[in-house]
Amino acid sequence: NAAAAITGVNASTGTAIGIFGQATGAANSSSAITGQNSGAGNTGYAGYFSNSATTANFGVAATTASTGTGYGVYAQVTGSGNTGYAVYGRNTSTTGANYGVYGEVSSTNNGAYAVYGNNAGSSGQGLGVYGQSQSTAGTGVEGYNGTASNTGNGVTGYNGGAGNSGAGVYGVNASSSGTNYAGYFTAASTGTGYGVYGTVTGTSNTGYGGYFTNGS
């Protein structure tokens, strides 16, 4: 079926609610609203929300007052061997600078993330964050720091595993033809700038600040 277990519609022009749920029990682990679609082989939704206004608005808005490990939105996929998504964001506009998923954080603490991905698998080559672009001139993942006079980074890679032999940042270009790069760096500095800067800080290390090889 293509039906929804929960559908909320509000035609009001003011501040009104299509669906409202509340759970007030102290330390409860229940749900204010629960939607379930149990039809075998269905392609529908447990909950479906639509906002047809063309102004800045929300299809779904969620807030939490948690001071600990809380979630504004929590999603889970439990099917064994599934190839789906716990959260799937899609923006179908073909023009403008828009987002399928957008994350924002106001914390000034180190270790705060606007978007955080975690792969909890203890083996395999899984990914915490994966980006892909279908454009012939696009980028799978881009990092940008536009703050004036900043000393931060657009992209930072970190590998903190004890005794690991991996990489903080690892680049691969699988093309066997053409002029291509596994890693490409450029700097527009007019002062003391670096296209690539590497440093090794471990005491008595025998490694390299930069190491390059051509296996041709």
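To be clear, the structure that these remarks concern was listed above.
Residues numbered from 1 in each chain as written. Predicted model: local features only at pLDDT ≥ 70, side-chain atom pairs only at ≥ 80, totals over all residues. Heavy atoms only, no water.

**Describing the overall build of the protein**
Link 1 in the chain: Each helix and strand in the protein was counted, giving zero helices and two strands.
Link 2 in the chain: A compact globule built from 216 residues should have a C-alpha radius of gyration of about 17 Å, whereas the protein, at 23 Å, is more than 25% larger.
Link 3 in the chain: Expressed along its principal axes, the backbone C-alpha trace of the protein runs to roughly 65 × 40 × 40 Å.
Link 4 in the chain: In the protein, buried positions account for 1% of the 216 residues.
Link 5 in the chain: Contacts in the protein between residues far apart in sequence, at least 24 positions, make up 23% of those at least 6 positions apart.
Link 6 in the chain: For the protein, the exposed area adds up to about 19100 Å²; of that, 47% sits on carbon and sulfur atoms. (Helix = DSSP H or I, 4+ residues; strand = E, 2+ residues; numbered from the N terminus. Rg over C-alpha atoms; globule rule 2.2 N^0.38 Å. Buried < 20%, exposed > 50% of the residue type's maximum accessible area, 1.4 Å probe, protein only. Contact = heavy atoms within 4.5 Å. Areas by Shrake-Rupley, 256 points an atom, 1.4 Å probe, with all protein chains shown as cover.)

**Examining the packing of aromatic side chains**
Link 1 in the chain: Considering all chains together, one arrives at eight aromatic pairs under this definition.
Link 2 in the chain: Measuring from centroid to centroid gives 5.1 Å for Y45 and Y48, while their planes differ by 40 degrees, and the two rings are tilted.
Link 3 in the chain: Given the relative accessible area of 37%, Y48 is considered partly exposed. (Phe/Tyr/Trp six-rings, centres within 6.5 Å; stacked < 30°, edge-to-face > 60°.)

**A closer look at unusual backbone geometry**
Link 1 in the chain: A positive phi angle is found at S149, which is not glycine, with a value near 55 degrees.
Link 2 in the chain: Secondary-structure assignment places S149 in the segment after strand 2 (48-49).
Link 3 in the chain: The backbone of S204 sits at a positive phi, close to 55 degrees, despite the residue not being glycine.
Link 4 in the chain: Accessibility expressed as a relative area gives 70% for S204, which makes it exposed.

**Some remarks on a nonpolar patch on the surface**
Link 1 in the chain: Residues I19, I33, F49 and V60 make up a contiguous nonpolar surface patch of roughly 330 Å² in combined accessible area.
Link 2 in the chain: Tracing the backbone shows V60 in the segment after strand 2. (Patch = residues over 30% accessible without salt bridge, like charges linked within 9 Å, V, L, I, M, F, W, Y side chains within 5 Å. Salt bridge = Lys/Arg side-chain N within 4 Å of Asp/Glu carboxyl O.)

**With respect to the environment of A174**
Link 1 in the chain: If you trace the backbone, A174 turns up in the segment after strand 2.
Link 2 in the chain: Owing to a relative accessible area of 75%, A174 belongs among the exposed residues under this scheme.
Link 3 in the chain: A C-alpha to C-alpha distance of 30 Å links A174 and T92, two positions 82 residues apart in sequence.

**Details of the environment of A46**
Link 1 in the chain: With respect to the helices and strands, A46 occurs in the loop between strand 1 (7-8) and strand 2.
Link 2 in the chain: Residue classification places A46 among the partly exposed residues on the basis of a relative accessible area of 34%.
Link 3 in the chain: Between the alpha carbons of A46 and T67 there is a distance of 29 Å; along the sequence they are 21 residues apart.

By themselves, these observations are geometric and do not establish any function.
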